[in-house]
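Inside the fold
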Amino acid sequence: MPERIASGRIVATEAYLPGDAASHAYRGMTPRNGSLLEPSRAYGYIAYGTSNMLNVSAEAAGIGADVLIRVLDRWRA
């Protein structure tokens, strides 16, 4: 954020291995998920029009495996 740092505590995740049909990378690269096929990348999206989601790639280039950060509690230090 331009004026401050946003932070939170991750409280729910899901992991998707290569070949998992539930992964956004399962069907190969699309304009939406292209970052998942590159190492150490992330992309955010809105699920069902209400929930912000964050996927983070978890494998080498070209291998579709990722971690979905499903729930982030607001947290202040």
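The notes below deal with the structure included here. Computed from a predicted model, the values in this text were never measured in an experiment.

With that settled, consider the overall build of the chain. Assigned secondary structure in the chain consists of zero helices and four strands. Secondary structure elements of the chain occur, N-terminal to C-terminal, as β-β-β-β. When burial is assessed residue by residue, the chain has 25% of its 77 residues classed as buried. Carbon together with sulfur atoms contributes 54% to the accessible area of the chain, which is approximately 5,800 Å² in total. Across the chain, the centroid of the 8 positively charged side chains sits 8 Å from that of the 7 negatively charged ones.

The next thing to look at is the pairing of strand 4 (residues 66–74). The two faces of the sheet receive side chains in turn, since in a regular strand these alternate between them. Relative to strand 4, strand 1 (residues 8–16) is paired through eight bridges, and the arrangement is antiparallel. Across the sheet, the residue bridging to Thr-13 is Ile-69, located in strand 4. For strand 3 (residues 51–57) and strand 4, the ladder comprises four bridges, and the chain directions are antiparallel. The residue of strand 4 that forms the bridge with Ser-57 is Asp-66.

Within a sheet, each strand pairs with its neighbour through backbone hydrogen bonds, oriented either parallel or antiparallel. Reading across the sheet, the four strands line up as 1-4-3-2 and stay open at both edges, with antiparallel pairing between neighbours. The sheet is open, and its two edges are formed by strand 1 and strand 2 (42–47), each paired on a single side. Neighbouring strand axes in the sheet, compared pairwise and without regard to direction, differ in orientation by 30° on average.

On to the layout of surface pockets. As a volume, the second largest pocket reaches approximately 210 Å³. In this structure, the second largest pocket is lined by Asn-52, Met-53, Leu-54, Ile-69, Leu-72 and Arg-74. Elements with a minimum of two residues in the lining of the second largest pocket: strand 3 and strand 4. Partitioning the lining of the second largest pocket into residue classes produces four nonpolar, one polar and one charged.

Cut-offs applied
Residues numbered from 1 in each chain as written. Predicted model: local features only at pLDDT ≥ 70, side-chain atom pairs only at ≥ 80, totals over all residues. Heavy atoms only, no water. Helix = DSSP H or I, 4+ residues; strand = E, 2+ residues; numbered from the N terminus. Buried < 20%, exposed > 50% of the residue type's maximum accessible area, 1.4 Å probe, protein only. Areas by Shrake-Rupley, 256 points an atom, 1.4 Å probe, with all protein chains shown as cover. Lys, Arg positive; Asp, Glu negative; His and termini not counted. Charge placed at Lys NZ, Arg CZ, Asp CG, Glu CD. Pairing = 2+ DSSP bridges. Axes fitted to C-alpha atoms, helices over the stretch in contact; angles between N-to-C directions. 1 Å grid on protein atoms, 1.4 Å probe; cavity = no way out; pocket = protein on both sides within 12 Å on 5 of 7 lines; lining within 4 Å. Points joined across faces, edges and corners; volume = space filled by probe spheres on them. Nonpolar A, V, L, I, M, F, W, Y, C, P; charged D, E, K, R; others polar.

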